[in-house]
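# Coordinate analysis (summary)
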Amino acid sequence: MNIQGINEILIDQPKYRQQQIEKAIYGEFISDWSEAIALPEHLRKQLAEACPLDIHAEETISSGDSRKALIILEDELKIEAVLMMHKGDRNTVCVSSQVGCPMGCLFCATGKLGFKRNLTADEIVEQVLYFARQLKKENKRVTNIVFMGMGEPMVNYDNVMAAIRILNNPNGFNLGARRMSISTSGIPEGIRKFAREGLEVNLALSLHAPNNELRCKIMPVSRRHSLEEVMDALREYVDITHRKIMFEYIMIKDVTDTPELAHELVKLLSGWLGYVNLINYNQTEMFAPSTRERIEEFKQILEDGHITVVQRYTFGQDIDGACGQLAARTKLQID
Ligand code: SAH
Ligand code: SF4
């Protein structure tokens with residue numbers, strides 16, 4: 001799909017054409033210009049030649065409630081996107097924001113791939129459209145979007161915001177900002193900017209350690225931006241937006257899951273507007289997942305400390321489709 005040339009083609013056209021096209025692509029999920037029946041035929045032909053709408057996806061693994069797509073970009077680089085179907089007609093798409101990721105977290109399969117480039121806003125939206133087109137045939141729709149695939153959204157800030165605005169546009173995809181979530185490894189400058197966007201998009205922090213020392217060991221970003229700096233930026237975010245923060249915390253065996261760390265986490269998060277999402281670790285070469293008992297014990301300590309805890313993203317693991325784990329085990333090469 002490459003729709004960059006649309007504006008040029010529309011130069012001599014009446015203004016409402018733009019809206020008709022937005023509606024066709026993002027609202028009706030056309031995959032071929034011949035389906036854009038509101039447009040005159042000569043315009044459809046012109047668009048078909050210059051702006052292909054087909055999305056190249058090499059393979060789609062489906063398993064139970066999850067589907068994973070390997071999307072091939074114009075320059076042949078590959079990214080992954082996942083659809084997770086929950087009960088009650090909630091269909092969440094997990095999108096990538098970059099090809100690979102420059103942050104190099106030790107526990108993350110994407111981090112191991114290295115970094116190729118940022119995605120454009122259209123390439124981010126394309127991942128959502130891929131599944132929206134599928135779901136339309138099943139009389140369903142995408143109801144939630146999470147930026148928890150490959151890449152760090154806050155270092156591709158402008159394109160991520162542009163994608164959110166396209167998805168939020170009432171004349172097109174029309175998904176409420178509250179149904180979208182961004183997860184970041186903790187870029188203070190990005191968090192502060194995000195606080196001022198005036199968007200009601202949810203924010204998650206990949207915390208994964210309650211102190212800077214441990215965090216530096218598993219998340220190199222912490223050496224540049226200390227945990228304290230990140231928490232200061234988040235405080236500003238909460239002050240401005242009054243929105244809750246989701247603190248993601250991966251349960252890695254003997255690394256992040258000890259009772260001492262749970263107590264430390266209680267101290268760190270007491271009084272915060274937010275909650276902890278305890279994430280089951282998807283095994284990689286380097287670390288192992290915590291035992292069920294450890295997770296229960298950890299959770300109990302948090303709850304005794306009056307911290308709200310949820311446990312999400314446990315499904316999709318069978319296809320390595322759990323968010324944040326997109327590249328694992330499929331031996332994806334991004335180039
Ligand atoms: N780069 C962003 C968003 C993508 S990762 C970020 O790091 O927040 C989405 C989530 O999956 C993050 O919380 C990430 O730390 C987590 N994750 C990474 N590797 C994982 C693994 N092997 N098992 C479980 N979660 C993982
Ligand atoms: Fe990048 Fe997030 Fe993986 Fe860290 S956890 S390497 S920031 S995708």
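Residues numbered from 1 in each chain as written. Chains lettered and ligands numbered in written order. Predicted model: local features only at pLDDT ≥ 70, side-chain atom pairs only at ≥ 80, totals over all residues. Heavy atoms only, no water.

## Concerning the confidence of the model for the chain
Averaged over all residues, the pLDDT of the chain is 91; the fraction at 70 or higher stands at 92%. Within the model, the stretch residues 314–322 combines pLDDT values under 50 with 28 contacts to residues more than four positions away or in other chains. Every residue in residues 327–331 is under pLDDT 50, and counting partners more than four places away or in other chains gives 11 contacts. (pLDDT = per-residue confidence, 0-100. Contact = heavy atoms within 4.5 Å.)

## Things to note about a negative patch on the surface
Taken together, Asp-32, Glu-35, Asp-54, Glu-74 and Glu-76 make up a surface patch of like negative charges. Within the element layout of this structure, Glu-74 appears in the loop between strand E2 (66–72) and strand E3 (78–86). Note on Glu-74: relative accessible area 53%, which makes it exposed. (Patch = residues over 30% accessible without salt bridge, like charges linked within 9 Å, V, L, I, M, F, W, Y side chains within 5 Å. Areas by Shrake-Rupley, 256 points an atom, 1.4 Å probe, with all protein chains shown as cover. Salt bridge = Lys/Arg side-chain N within 4 Å of Asp/Glu carboxyl O. Lys, Arg positive; Asp, Glu negative; His and termini not counted. Charge placed at Lys NZ, Arg CZ, Asp CG, Glu CD. Helix = DSSP H or I, 4+ residues; strand = E, 2+ residues; numbered from the N terminus. Buried < 20%, exposed > 50% of the residue type's maximum accessible area, 1.4 Å probe, protein only.)

## Observations regarding the side chain of Ser-290
Within the fold, Ser-290 resides in the loop between strand E11 (274–280) and helix H12 (292–304). Polar contacts involving the side chain of Ser-290 include one to the main-chain carbonyl oxygen of Met-251, which spans 3.0 Å. For Ser-290, the side chain forms a polar contact with the main-chain nitrogen of Ile-252, separated by 3.5 Å. (Polar contact = N/O pair within 3.5 Å; in protein donor to acceptor, adjacent residues only side chain to side chain.)

## Observations concerning the domain arrangement of the chain
You'll often see interface size given as the accessible area lost when the parts meet. Here the domain parsing of the chain yields domain 1 (1–53) and domain 2 (55–329). Here domain 1 and domain 2 have C-alpha centroids that lie 33 Å from each other. Opposite the 15 residues of domain 1 that make contact, domain 2 presents 14 residues. A combined buried area of about 1400 Å² lies between domain 1 and domain 2, and 54% of that area is made up of carbon and sulfur atoms. Of all residues in domain 1, Met-1, Tyr-26 and Phe-29 bury the most surface against domain 2, accounting for 54% of the area lost on that side. Remark: the boundary between domain 1 and domain 2 carries zero salt bridges. Scanning the region where domain 1 abuts domain 2 turns up seven residue pairs in polar contact (both at pLDDT 80 or more). (Domains from an automatic or database assignment. Buried area = accessible area lost by both parts, 1.4 Å probe.)

## Considerations on the pairing of strand E4 (residues 90–94)
Where burial is concerned, most of E4 is hidden: four out of the five residues are buried. Inspection of the sheet shows E3 paired to E4 by five bridges, in the antiparallel sense. Pairing of His-86 across the sheet is with Arg-90, part of E4. The loop that links E3 with its antiparallel partner E4 comprises three residues; one of these, Gly-88, has a positive phi angle of about 75 degrees. Of the strand pairs in this sheet, E4 and strand E7 (residues 144–147) are connected by three bridges, and their pairing is parallel. Paired with Val-93 across the bridge in E7 is Ile-145. (Pairing = 2+ DSSP bridges.)

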